[in-house]
Amino acid sequence: MNESKVTMKTLACRKAEVRAKITRQHDTIAKDYWAVVAPVYRLGNSPLTLFGKFSTGFAVFQGLFTSLRLVWKIRKFFHR
């Protein structure tokens, strides 16, 4: 068994080690994220980048489809 005593100093050292490890992991994740996003990000900084255009296009499509369904339901209601 481990007979060492746990003191505030050892806890503080362990906390600092864990924080340093988390910081290293965060840096690694940030670098990987940037490596994936960088080609798309270089297309432009405006909201009309590739992702923005896709999002806008999908919202327009969804709005049109929803309005068509609403029109069909209203027409069905008045044809009864």
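Our structure is the block above this text.
Along each chain, residue indices are assigned from 1 in the same order as the chain's sequence is written. Predicted model: local features are reported for residues with pLDDT of at least 70 only, side-chain atom pairs are reported and counted for 80 or more only, and whole-chain, interface and lining totals are derived from all residues. Values reported for side chains reflect all heavy atoms of the structure, with hydrogen atoms and water molecules removed beforehand.

**So, the overall build of the chain**
For the chain, the helix and strand inventory stands at 2 helices and 0 strands. Evaluated residue by residue, the chain yields a buried proportion of 6% over its 80 residues. Under the scheme used here, helices are H or I runs from DSSP no shorter than 4 residues and strands are E runs no shorter than 2 residues, and both carry numbers assigned from the N terminus. In this scheme, a residue with accessible area under 20% of its type's maximum is buried, one over 50% is exposed, and one in between is partly exposed, where area comes from a 1.4 Å probe on protein chains only.

**Brief notes about the packing of aromatic side chains**
For this analysis, a ring pair means two rings from Phe, Tyr or Trp (six-membered ring only for Trp) whose centres lie within 6.5 Å, classed as stacked if their planes differ by under 30 degrees, edge-to-face if by over 60, and tilted for the remaining angles. The full count for this structure, using the stated rule, is 2 aromatic pairs. Geometrically, the ring pair formed by F61 and F65 is stacked, given 6.4 Å between the ring centres and 20° between the ring planes. With a gap of 4 residues between them, F61 and F65 both fall in helix α2 (residues 50-79), about one helical turn apart. Look at F65 and you get partly exposed, because its relative accessible area is 42%. When the ring of F77 is compared with that of F78, the centres are 5.4 Å apart and the planes differ by 75°; the resulting orientation is edge-to-face. Grouping residues by exposure puts F77 and F78 together as exposed.

**Here we look at the pattern of salt bridges**
The working definition used for a salt bridge is a side-chain nitrogen of Lys or Arg within 4 Å of a carboxyl oxygen of Asp or Glu. By the definition in use, this model includes 1 salt bridge. Between R14 and E17 there is a salt bridge; the shortest N-O distance is 3.8 Å. With R14 and E17 both in helix α1 (residues 8-41), this residue pair falls 3 residues apart, about one helical turn. Given a relative accessible area of 48%, E17 falls into the partly exposed group.

**Notes on a nonpolar patch on the surface**
Patch membership needs two things, relative accessible area over 30% and no salt bridge, and members are linked within 9 Å if like-charged or within 5 Å if nonpolar (Val, Leu, Ile, Met, Phe, Trp, Tyr). The Shrake-Rupley method, run with a 1.4 Å probe sphere, supplies the accessible areas, and residue values consider only the shown protein chains as cover. Taken together, L70, I74, F77 and F78 make up a surface patch of nonpolar side chains, about 480 Å² in accessible area. Looking at where I74 falls in the secondary structure, it is placed in helix α2.

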